[in-house]
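# Overview (structure and organization)
Residue-level listing of the chains:
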Amino acid sequence: MISLGTQVGPVESPFTPEQQQRFDAGLERAIAKYPSERRKAALLAALHLAQDELGWVSEPAMAYVAFRLDVPPVRVREVATFYTMYRLRPVGRHHIGVCNSISCWAMGAEQVLRQCSEMLGIRPGETSGDGHFSLEEVACLAACGGAPAVLVNNYTFYENVTAESLKALIRDLREQPGKAMAKGPLPRLPDPHAHIESQSTPQATGTLGQPAVTTRAEAGSTEPKR
Amino acid sequence: MTGPKILTADWDKPQSWSLDTYRASGGYQALAKALKMQPQQIVDEVVKSNLRGRGGAGFPTGMKWNFVRKETSFPKYLVVNADEGEPGTFKDREILLRSPHMFLEGLIIGCYAIECHLTYVYCRGEFRESAMARLEKAIEEARAAGYIGKNILGSGLDAEVHAVYGAGAYICGEETALLESLEGRKGYPRLKPPFPANAGGGLFKQPTAVNNVETLANMPAIVTMGGDEFSRLGLVPKNGGTRLYAVSGQVRKPGVYEAPMGISFKALLDEYCGGMRQGSTLKAIIPGGASSAVMTAAEADWASDFDTLKAKKTMAGSGAVVYLDQSVNMAQALANLMHFFAHESCGQCTPCREGTAWLSRLLDKIVAGKGEKQDVDNVHQIARQMEMKTICALADGAAMPAKSYIEKFRADFDALVRG
Ligand SMILES: Cc1cc2nc3c(=O)[nH]c(=O)nc-3n(C[C@H](O)[C@H](O)[C@H](O)COP(=O)(O)O)c2cc1C
Ligand code: SF4
Ligand code: FES
């Protein structure tokens, strides 16, 4: 567990040499976008890059990102848990996100989700036993004119999904190796209220114009405070 | 289809996203013209143009830029909101995919106008390999052609553009949450004041203009035709230009349509979208994204500009129009929206965190057939209590539909409850 650490010591890399090369190159590009004293701002990009290599954001990956950007591990954890595109547990080699927001819902998204679920033999929030597929409900993808819409592996859009096109998509994906993703049982929790519940524990809401300060560790962040 | 085409002028051309196509239709000439004007002159034209922010709030862009110009602290930043997360909205994606150079030209004009040398385009994470990849390609082309970088077109202006991406969080579309995210943190909206335009409130605490993609894509047209003429493109005073309406729902031809700002919802449906589908009768209109108060079919003749809709107690928002037919039960639609808001509330403010969660649970109960009349009243009351109490407008954006769906479609709720 790295939940409350303030010490940023040398941390072992979770990557193979080949992965390391890609990660380093990507991180360098991401950091270069910011003024030199603001390299910590590349945190979101760093987590994406780690996920690109590992298929998910593991604890060692978070620790390593904290080390590389010199930010408190707790802040890395905060960011990794806040954004839905980061996978906090291993997911299948193909991740299918079915949009459940208003336009897709009105055009039959529930049907798409049901069909996906039946074809893959898993419920939303689960990964198939062979590690090939994960299924998840996702929020509006900005593809509402092509409702119902589906997002594969975080970045590939499929629109105007019909029963036939969905069947063809899943058949194609079955034959593709997909992303090298670790085998594992469950991605993020399916219950839409789950994260609300977890947030109803008291949280400091920060003072005027400042981001919330949740722990001493964050307050003692190495970044210059406003 | 009727009306002038500004933003979509190139969309049907082959390789509409390439620099060659854009230049062939006069692209980057507005930038050359702008660089010969004084920055304040450009802002004055933008003021005259009555361009209102296309991200959702409809704030006058010229006024926002003047706020930033008045600040004496440098550097100043221009940050582009390409987070496009409001359910129903899909027009910034189309701009980035189809005419990224028009947007970039507008962005550089903006940099010159507010004296900014470093700008970020914050794209939603899901766009990384599609719209954002296209944008990055365009940035490279523009840099190679001397429209981005040092001493742009020999004018002495230096401006660098970076595209960055988020990681899935609707709240990062709210401008201060976006800035937090851009600085590498979770997307907690900031308390205002200070506002982003003022020192202390923007990116890295510097004065910052946050603008939507579509807002900036209008700049070349404003510089070319002048603010007055641009303003006249709108059908309603103080609402200048055309607007990209992202239309979805049970219409014959969903899609993004450029129409004069303020067109009526009826005209938009009939003249652009081919009307409702076979077998569909219009029942309800969501006029400006999921956060806007709903309209009935009888209200379809309302104009779609910011001021008219504000007076009618709803909003033009992001220009996302959803036409719903008789098959949709509005209580179920509201339950769907509330799942979204409950999921996307960042949790900082009690009325929002608790309110959206309660609304969502109550609506689920109603939709499951287990609700009572009192539950419907409670939904309305909880929504009223959430308004105007929170750090950002997400809570209001959840309350507005909750109240209006009940007020305008009470029968749909009553049909599902006991007693
Ligand atoms: C909850 C919430 C979500 C928002 N999402 C977006 C968005 O996805 N894209 C956007 O451009 N503006 C969004 N906005 C509006 C922005 O806060 C801001 O007003 C806008 O980016 C300003 O640019 P403009 O003046 O050019 O419209 C959102 C606002 C709120 C309260
Ligand atoms: S209103 Fe909701 S989303 Fe906005 S800051 Fe408060 S809790 Fe977060
Ligand atoms: S509602 Fe599904 S993509 Fe927007």
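Now for a description of the structure that goes with this document. It should be emphasised that the depicted structure is a prediction, and the values quoted were computed from it without experimental measurement.

Take unusual backbone geometry next. Residue and element names in this part refer to chain B. That bond from Lys-192 to Pro-193 is cis: its omega, -5 degrees, falls within 30 degrees of zero. For Pro-193, the position within the fold is in the loop between helix H8 (175-182) and strand E4 (208-212). Cis geometry is found at the peptide bond from Pro-193 to Pro-194, where omega equals 0 degrees. Its identity as a non-glycine residue notwithstanding, Glu-84 has a phi of 20 degrees, on the positive side. By secondary structure assignment, the location of Glu-84 is in the loop between strand E1 (76-82) and helix H5 (92-98). Overall, Glu-84 belongs to the buried group, its relative accessible area being 5%. Residues other than glycine seldom take positive phi values, yet Phe-204 does so here, at roughly 50 degrees. According to the relative accessible area criterion, Phe-204 is buried, its value standing at 7%.

Close approach of charged atoms allows side chains with opposite charge to pair. Tallying each qualifying case throughout the model produces 36 salt bridges over all chains. The shortest N-O distance in the salt bridge between Glu-183 of chain B and Arg-185 of chain B comes to 2.4 Å. One exposure class covers both Glu-183 of chain B and Arg-185 of chain B, and it is buried. Between Glu-299 of chain B and Lys-408 of chain B there is a salt bridge, and its shortest N-O distance comes to 3.0 Å. Here the residue Glu-299 of chain B occupies a position in the loop between strand E8 (295-296) and helix H13 (306-311), and Lys-408 of chain B occupies one in helix H17 (residues 394-408), the gap between them amounting to 109 residues. Taking the relative accessible area as the measure of exposure, Glu-299 of chain B reaches 16% and is therefore buried. Looking at Lys-408 of chain B, the relative accessible area reads 27%, which means it is partly exposed. Within the structure, one salt-bridge network assembled from shared partners comprises Glu-159 of chain A together with Arg-93, Glu-94 and Arg-98 of chain B.

Reading guide: rules and limits
- Residues numbered from 1 in each chain as written.
- Chains lettered and ligands numbered in written order.
- Predicted model: local features only at pLDDT ≥ 70, side-chain atom pairs only at ≥ 80, totals over all residues.
- Heavy atoms only, no water.
- Helix = DSSP H or I, 4+ residues; strand = E, 2+ residues; numbered from the N terminus.
- Buried < 20%, exposed > 50% of the residue type's maximum accessible area, 1.4 Å probe, protein only.
- Salt bridge = Lys/Arg side-chain N within 4 Å of Asp/Glu carboxyl O.

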